[in-house]
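# Structural overview
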Amino acid sequence: MISKISFKGDVFLAGSTKSLVKPNELQSMKRYAKFKDCDVVVLNRDYYSDGKGKCETILIKKDNVTGQNNLFTKVFDFMHRKENFEDGVPVKLENI
């Protein structure tokens, strides 16, 4: 069961995710929720072979005009990205 949604940048862990999500992953999602002014509900967490996680979530944001909730899906992938090299120079990958 999920507690009430507050729109204060909270992260809610549903079901087994309470015991599966690592504290550093939870902190990252909380920072994101506060920055985007939304609530995050973690539905599922999957593992990579090195123990890093990938969380499937729903973002809930209040529409200030209509007063209704907007729901979006988002995957938080905590696998470290490999650097992309172009002509031997590292290139920062953005918005991928």
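Right, let's walk through the structure included here. Since this is a predicted model, take the numbers as computed values, not measurements. (Residues numbered from 1 in each chain as written. Predicted model: local features only at pLDDT ≥ 70, side-chain atom pairs only at ≥ 80, totals over all residues. Heavy atoms only, no water.)

Here we come to the overall build of the protein. Regarding its fold elements, the protein presents two helices and six strands. When burial is assessed residue by residue, the protein has 26% of its 96 residues classed as buried. In the protein, once contacts between residues fewer than 6 apart in sequence are set aside, the share between residues at least 24 apart is 42%. (Helix = DSSP H or I, 4+ residues; strand = E, 2+ residues; numbered from the N terminus. Buried < 20%, exposed > 50% of the residue type's maximum accessible area, 1.4 Å probe, protein only. Contact = heavy atoms within 4.5 Å.)

With that settled, consider the packing of aromatic side chains. Per the stated rule, a full pass over the model turns up two aromatic pairs. Ring centres of Tyr32 and Phe76 lie 5.2 Å apart, and the angle between their planes is 85°; on these two criteria the pair is classed as edge-to-face. Here the residue Tyr32 occupies a position in helix H2 (residues 23–36), and Phe76 occupies one in strand E4 (residues 69–77), the gap between them amounting to 44 residues. Here Tyr32 falls in the partly exposed class, since its relative accessible area comes to 23%. Here Phe76 falls in the buried class, since its relative accessible area comes to 9%. For the ring pair Phe76 and Phe78, a centre distance of 6.4 Å and an interplane angle of 10° mean the geometry is stacked. One exposure class covers both Phe76 and Phe78, and it is buried. Grouping aromatic residues by their ring pairs yields a cluster made of Tyr32, Phe76 and Phe78. Over the ring of Phe76 we find Lys74, and its NZ or CZ is 5.3 Å from the ring centre. (Phe/Tyr/Trp six-rings, centres within 6.5 Å; stacked < 30°, edge-to-face > 60°. Lys NZ or Arg CZ within 6 Å of the ring centre and 35° of its normal.)

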